[in-house]
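This is what each chain is made of:
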Amino acid sequence: MGLEKLNVKKVDKISVARFYETNRSSLALRLQNSPLGMARNIRQPALNRPGLALAGYFGYFAHERIQVFGAAEMAYLSTLRGEERRERLAQVCSDDVPCLIFSRNAEVPHDVLAMADANSISVFSTSLPTMTLMNRATIILENEFADSSTVHACAVDVRGVGILITGVSGIGKSEIALGLVERGAALVADDAVRIRNRSGKIIACAPNLCKGYIEIRGIGIMNVTTLYGYKAMRHEVAVDLVINLTKDEPIRMMDRLGLSPKKISVLGVEVDRLNLPVAPGRDMSRLVEVAAMSQYLRNSGVDIAAQFNNALHNEIARNSKN
């Protein structure tokens, strides 16, 4: 499927049960109360620390986010007594709150557990420090909620530059990717590439079953980590350049200077695009590697084509005066 017309998967909610089962190990989560709250939904890819809410200010309470209780929240909660404490906890445990997480192995107060059970809200504890939990969980949720799609392509990491290689079936995408791996690049995905818009950046990865595998016609399926070691594979890469392999476009018709890099919209993000014709005798892996290095320089503020063009105009100006 071409990048211009993608079947985009949009996610507007995930269940607390899915969040817990998928990330219980990486976030060191432990359920502290009844599992009834597992059916609730998380609708925002962010977390909230309810310090202001516990202090009685609910004007900007992010009630649709996971609520995280760190050392500061626990310290303030310990100062609340009687009816005031009950009212604050009742408001924090509102209908829209997905779940509560207590960091640093904090002992969850009995009245918090009782209030959460009464409202069918799951309560978790974790050994992680608060900021570590916030950072990890935010990345996880951004991935879960990101617009995504699957494309027929290859994704490689060439010296830190993410390259998405597209083209019709049989044009040589996998062979080029293998050639790049032999030159020190890392394979991200072959044939089926999952892409997602993560905070305005296109991230490419492979389906879990296909990680590290590449298919070469006439040879079969190979595992690049078995052949070249673990350095030959990356789990994901940010796409800096889309290289589209073509057969029908004559080389003489191609842009020879590269003064006006073309763009392509991928999941709403503008990404640099390069059309690269396939022809007998062309070392395509080397050309893709050179394109990656050129993209690295462009990302660093060095535009070789513009430098040459400026030098050419200066030379023409000098000659016109003589």
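Structural data are supplied above this passage.
Residues numbered from 1 in each chain as written. Predicted model: local features only at pLDDT ≥ 70, side-chain atom pairs only at ≥ 80, totals over all residues. Heavy atoms only, no water.

Asks: So what about the overall build of the protein chain? Which residues, and what values?
Replies: A tally of regular secondary structure across the protein chain gives 10 helices and 16 strands. In summary, the protein chain has a C-alpha radius of gyration of 26 Å against a globular reference of 20 Å for 322 residues, an excess of more than 25%. Put simply, the protein chain has 322 residues, and 44% of those count as buried. Taking the contacts inside the protein chain whose residues are at least 6 apart along the sequence as the reference set, 70% of them involve residues at least 24 apart. Of the roughly 16900 Å² of accessible surface on the protein chain, a fraction of 52% belongs to carbon and sulfur atoms. (Helix = DSSP H or I, 4+ residues; strand = E, 2+ residues; numbered from the N terminus. Rg over C-alpha atoms; globule rule 2.2 N^0.38 Å. Buried < 20%, exposed > 50% of the residue type's maximum accessible area, 1.4 Å probe, protein only. Contact = heavy atoms within 4.5 Å. Areas by Shrake-Rupley, 256 points an atom, 1.4 Å probe, with all protein chains shown as cover.)

Asks: Report on the environment of C210, specifying residues and quantitative values.
Replies: Of note, C210 is situated in the loop between strand 11 (201-205) and strand 12 (213-216). Residues C210 and R282 lie 72 residues apart in sequence; the distance between their C-alpha atoms is 29 Å.

Asks: Provide a residue-level description of the pattern of salt bridges, including the pertinent values.
Replies: Taken as a whole, this structure holds 15 salt bridges when the rule is applied. A salt bridge links E144 to R18; the nearest nitrogen and oxygen atoms lie 2.7 Å apart. With E144 in helix 6 (residues 130-145) and R18 in helix 1 (residues 16-23), this residue pair connects regions lying 126 residues apart in the sequence. Judged by its relative accessible area of 15%, E144 is buried. Put simply, E83 and R86 hold a salt bridge, and the shortest N to O gap is 2.8 Å. Here E83 and its partner R86 are both found in helix 4 (residues 82-92), three residues apart, which amounts to about one turn of the helix. Classification of E83 as partly exposed rests on a relative accessible area of 45%. (Salt bridge = Lys/Arg side-chain N within 4 Å of Asp/Glu carboxyl O.)

Asks: Describe unusual backbone geometry, listing the residues and the values that go with them.
Replies: Positive phi values are uncommon outside glycine, yet S120 reaches one of about 55 degrees. With respect to the element layout, S120 can be found in the loop between helix 5 (110-118) and strand 7 (122-126). Note on S120: relative accessible area 28%, which makes it partly exposed. Not every positive phi belongs to a glycine, and R159 is a case in point at roughly 55 degrees. Topologically, R159 is positioned in the loop between strand 8 (148-158) and strand 9 (161-166).

Asks: Now, about the packing of helix 4 against helix 5: what can you tell me, with residues and values included?
Replies: What describes two packed helices is the angle between their axes and the distance between those same axes. Between helix 4 and helix 5, the shortest axis-to-axis distance is 10 Å and the interhelical angle comes to 45 degrees. In this view, helix 4 runs oblique relative to helix 5, as classed from their interaxial angle. Note on packing geometry: the crossing formed by helix 4 with helix 5 is right-handed. Contacts from R85, R86, L89 and A90 in helix 4 reach D111, V112 and M115 in helix 5. (Axes fitted to C-alpha atoms, helices over the stretch in contact; angles between N-to-C directions. Parallel < 35°, antiparallel > 145°, perpendicular 65-115°, else oblique. Left-handed = near helix turned anticlockwise from the far one by under 90°.)

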